[in-house]
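# Overview (structure and organization)
The residues making up each chain are set out below.
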Amino acid sequence: MLTFFSLPVFSQTENDSTLLGLPGDNLNLAAVLDLFQKSKTIEEFEKSLNDQKTGINNLDLNLDSIVDFIKVVTEKKDDDFTFILQVDVTEKEKQDVAVILVSKDKNKKVTMQIVGDEALYGKNYIIE
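Thresholds, definitions, all that
Residues numbered from 1 in each chain as written. Predicted model: local features only at pLDDT ≥ 70, side-chain atom pairs only at ≥ 80, totals over all residues. Heavy atoms only, no water. Pairing = 2+ DSSP bridges. Helix = DSSP H or I, 4+ residues; strand = E, 2+ residues; numbered from the N terminus. Contact = heavy atoms within 4.5 Å. Axes fitted to C-alpha atoms, helices over the stretch in contact; angles between N-to-C directions. Phe/Tyr/Trp six-rings, centres within 6.5 Å; stacked < 30°, edge-to-face > 60°. Buried < 20%, exposed > 50% of the residue type's maximum accessible area, 1.4 Å probe, protein only. Core = buried A, V, L, I, M, F, W, Y, C linked by side-chain atoms within 4.5 Å.

Now for the sheet that holds strand 3 (residues 94-104). Strand order in the open sheet made by the five strands is 1-2-3-4-5, with antiparallel pairing throughout. Looking at the sheet topology across the chains shown, the edges are occupied by strand 1 (70-77) and strand 5 (126-127). Inspection of the sheet shows strand 4 (residues 110-116) paired to strand 5 by two bridges, in the antiparallel sense. By the bridge assignment for strand 5, Val115 is matched with Ile126. Contacts from helix 2 (residues 29-38) reach strand 2 (80-88), strand 3, strand 4 and strand 5 within the one sheet, and its direction differs from that of strand 4 by about 145°.

Encoded structure:
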């Protein structure tokens with residue numbers, strides 16, 4: 001029981017002043033980035049992101065009253081990684097939700113940011 005109370009829970013409510021009035025209000029990107037940083041593997045991240053217990057993912061982009069499963073697609077170029085968070089809206093249509101960019105500079109310093117899709121979060125919604 002003690003473990004349950006020590007787990008961080010992220011959610012947004014209608015009274016939250018950070019709500020944008022857009023579909024992205026149902027996925028807190030700051031919480032997603034925090035979860036990403038704490039996850040040991042991409043598989044663990046995807047599983048936790050979609051776990052109802054974490055309360056992070058509340059997206060319903062196809063409006064079927066069921067929380068959408070967010071899959072993580074990984075792309076690598078040199079020392080840079082791109083993790084695309086994507087929802088299958090229909091069998092043939094996919095919606096990018098956000099992109100996590102992880103890069104390493106010439107001094108081996110790692111930077112990380114998450115960029116929300118413009119259709120869901122508005123223009124230039126970035127958390128670093």
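What follows covers the packing of aromatic side chains. Working definition: an aromatic ring pair is given by the centre-to-centre distance plus the angle between the planes. Taken as a whole, this structure holds four aromatic pairs when the rule is applied. Measuring from ring centre to ring centre gives 5.1 Å for Phe36 and Phe45, while their planes differ by 85°; the resulting arrangement is edge-to-face. Residue Phe36 shares its accessibility class with Phe45, and that shared class is buried. A network of ring pairs unites the aromatic residues Phe36, Phe45, Phe81 and Phe83 as a single cluster.

Turning next to the nonpolar core. If you look at the biggest cluster of nonpolar residues, it comprises 24 residues, and the most contacted ones within it are Leu27, Val32, Phe45, Leu49, Leu85, Val97 and Ile100. Those elements giving two or more residues to this core turn out to be helix 2, helix 3 (42-50), strand 1, strand 2, strand 3 and helix 4 (118-121).

As a further point, take the pairing of strand 2. When strand 1 meets strand 2, the two strands line up antiparallel, connected through eight bridges. Among the inter-strand pairings, Val73 is bridged to a residue of strand 2, identified as Ile84. Hairpin connection between strand 1 and strand 2: a loop of two residues separates the two successive antiparallel strands, and Asp78 in this loop has a positive phi of roughly 55°. Note: strand 2 against strand 3, eight bridges, orientation antiparallel. Within the sheet, the bridge partner assigned to Phe83 lies in strand 3 and is Ile100. In this antiparallel pair of consecutive strands, strand 2 and strand 3, the connection spans five residues.

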